[in-house]
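Per-entry structural report
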Amino acid sequence: MFSSLKTEISGSVFTITINRPDKLNALNQSVMSELDQALDIFLQNDNLRGAILRGEGEKAFAAGADIQEFSGLDAASGQALSEKGQRLFFKIENSPKPIIAAVNGFALGGGCELAMACHLRVASTNALFGQPEVKLGLLPGYGGTQRLVQLIGKGKATEYLLTADMINAEKALEWGLVNHVTTRLELVDKCLEILAKIAKQGPLAVRYTLQAISDGVNGRDGYKTEAELFGKAIVSEDAAEGTAAFLEKRKANFQGK
Ligand code: COA
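Residues numbered from 1 in each chain as written. Predicted model: local features only at pLDDT ≥ 70, side-chain atom pairs only at ≥ 80, totals over all residues. Heavy atoms only, no water.

Some remarks on unusual backbone geometry
Stated precisely, the cut-off is as follows: The cut-offs for exposure are 20% and 50% of the maximum accessible area for each residue type, with area from a 1.4 Å probe on protein chains only; residues under the lower value are buried, those over the upper are exposed, and the others partly exposed. Strands here mean DSSP runs of E at least two residues long; helices mean DSSP runs of H or I at least four residues long; both are numbered from the N terminus.
Backbone geometry places Asn-25, a non-glycine residue, at a positive phi of 60 degrees. On the basis of relative accessibility, which here comes to 0%, the residue Asn-25 falls in the buried class. In this model, Lys-249 sits at a positive phi of 50 degrees, which is unusual for a non-glycine residue. If you trace the backbone, Lys-249 turns up in the segment after helix H10 (237-247).

Focus on the environment of Glu-58
Stated precisely, the cut-off is as follows: Contact between two residues is taken to exist if any of their heavy atoms lie within 4.5 Å; hydrogens are not considered.
Checked against the element boundaries, Glu-58 lands in the loop between strand E3 (50-55) and strand E4 (60-62). The spatial distance from the C-alpha of Glu-58 to the C-alpha of Ala-199 is 29 Å, given a sequence separation of 141 residues. When neighbours within four sequence positions are excluded, Glu-58 is seen to be in contact with Asn-104, Asn-126 and Arg-184.

As for the packing of aromatic side chains
We apply this condition: Aromatic rings from Phe, Tyr and Trp, with only the six-membered ring used for Trp, were paired whenever their centres fell within 6.5 Å, and each pair was classed as stacked if the ring planes differed by under 30 degrees, edge-to-face if by over 60, and tilted otherwise.
Overall, the coordinates contain three aromatic pairs when judged by the stated rule. Ring geometry for Phe-14 against Phe-42: centres 6.2 Å apart, planes inclined by 0 degrees, an arrangement best described as stacked. Remark: Phe-42 occurs in helix H1 (residues 29-44) and Phe-14 occurs in strand E2 (residues 13-18); sequence separation between them is 28 residues. Of the two residues, Phe-14 and Phe-42, neither departs from the other in class, the shared state being buried. With a centroid separation of 5.4 Å and an interplanar angle of 65 degrees, the aromatic rings of Tyr-160 and Trp-175 are classed as edge-to-face. In this pair, Tyr-160 sits in helix H5 (residues 154-163) while Trp-175 sits in helix H6 (residues 169-175), placing the two residues 15 residues apart along the sequence. You can call Tyr-160 buried: its relative accessible area is 7%.

Overview of the domain arrangement of the chain
Stated formally: Domain delimitation in this document rests on an assignment produced automatically or drawn from a domain database. We define buried area as the total accessible area lost by two parts upon association, computed with a 1.4 Å probe and summed across both. A side-chain nitrogen of Lys or Arg and a carboxyl oxygen of Asp or Glu constitute a salt bridge if their distance falls within 4 Å. Here a polar contact is recorded for every N or O atom pair within 3.5 Å, except that within protein the pair must consist of a potential hydrogen donor and a potential acceptor, and residues adjacent in sequence are included only if both atoms are side-chain atoms. Throughout, the ten residues Ala, Val, Leu, Ile, Met, Phe, Trp, Tyr, Cys and Pro are labelled nonpolar, Asp, Glu, Lys and Arg are labelled charged, and all others, Gly among them, are labelled polar.
According to the domain assignment, the chain contains domain 1 (5-199) and domain 2 (203-247). A separation of 26 Å is found between the C-alpha centroids of domain 1 and domain 2. Both sides together, the interface formed by domain 1 and domain 2 hides about 690 Å², and carbon and sulfur atoms give 58% of it. Broken down residue by residue, the surface that domain 1 buries against domain 2 is led by Glu-93, Pro-96 and Gln-150, which jointly contribute 47%. Inspection of the region where domain 1 meets domain 2 yields zero salt bridges. The interface formed by domain 1 and domain 2 holds three residue pairs in polar contact (both at pLDDT 80 or more) in total. Class assignment of the residues belonging to the side of domain 1 that touches domain 2 gives a composition of four nonpolar, four polar and three charged.

Some points on the pairing of E2
Condition: Two strands pair if DSSP finds at least two bridges between them. We call a crossover right-handed when, viewed with the strands running away from us, the connection from the first strand over the helix to the second turns clockwise.
Counting buried positions over the six residues of E2 gives six, a clear majority of the element. In E2, alternate side chains face the same way, and those of Val-13, Thr-15 and Thr-17 on one face and Phe-14, Ile-16 and Ile-18 on the other are all buried. Two elements, strand E1 (residues 5-10) and E2, share six bridges in a ladder whose sense is antiparallel. Note that in E2 the partner of Thr-7 across the bridge is Ile-16. Linkage of E1 to E2, two consecutive antiparallel strands, is achieved through a turn of two residues, within which Gly-11 is found at a positive phi near 65 degrees. Inspection of the sheet shows E2 paired to E3 by six bridges, in the parallel sense. Bridge assignment links Val-13 to a residue of E3, and that residue is Gly-50. In this fold, E2 hands off to H1, which returns the chain to E3; that crossover is right-handed.

Written as structure tokens, this is what we have:
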């Protein structure tokens, strides 16, 4: 079905693997449009509760936008390329179900931006993050100037955006760019463990929490969203079930309503 991606369903988890290992999984337009389609499959299937996004091979999650596709762009088509990528990455960030980036090796440029658009990041010990666009005389175009600042703070982000230095797994963990670091072999299992924990919680509450976070970091009034969604959550069947289960000392059986 896809030429640049592999997808797999295992229980309630959808795994999307960028599959251009010979090009270090560089994000060409085929990968970008297939990612969009794969996301739709994930978002439209209510049986899927979480997703893992990874890169094929041992060297890279994704080494950036495909530099070969930059030639021939003019100001308008360059801006359009950036806006299209931003829309796709917002779709990931605004997903009502958690998406975890499993970062093995290079996550550079658009690859770093893709990982940062995911809700959580788990990295293997050989992971290297960075925004090297300045080396090419460019700046990030898929949200890197914003999300790196959100994740590691303005001072450090500015330095790394301007020097093109790479951030190794140890620093990424210390600075909150990634949530966990594991060996390469344990990477996917760690993501599955986190998704399994989230899947036990009220699905409506998970969705509302992701929405409030996303609104807050994207220029909308996150406090207002939080209050509105709290109001909706408190009258939901999930909250009735969750609170009853607590009082009855049993496991909640959430329906996501
Ligand atoms: N776009 C297009 N092709 C890319 C790419 C990218 N962003 N990143 C890597 N590739 C390709 C290389 O051209 C090479 O293809 P080839 O074998 O047909 O020549 C292949 O992937 C392997 O990359 P290579 O550079 O040989 O691997 P390396 O281990 O020597 O270096 C990197 C790895 C990540 C340091 C290096 O590939 C690199 O700097 N990539 C570009 C990173 C970047 O600037 N990203 C931001 C883009 S806006």
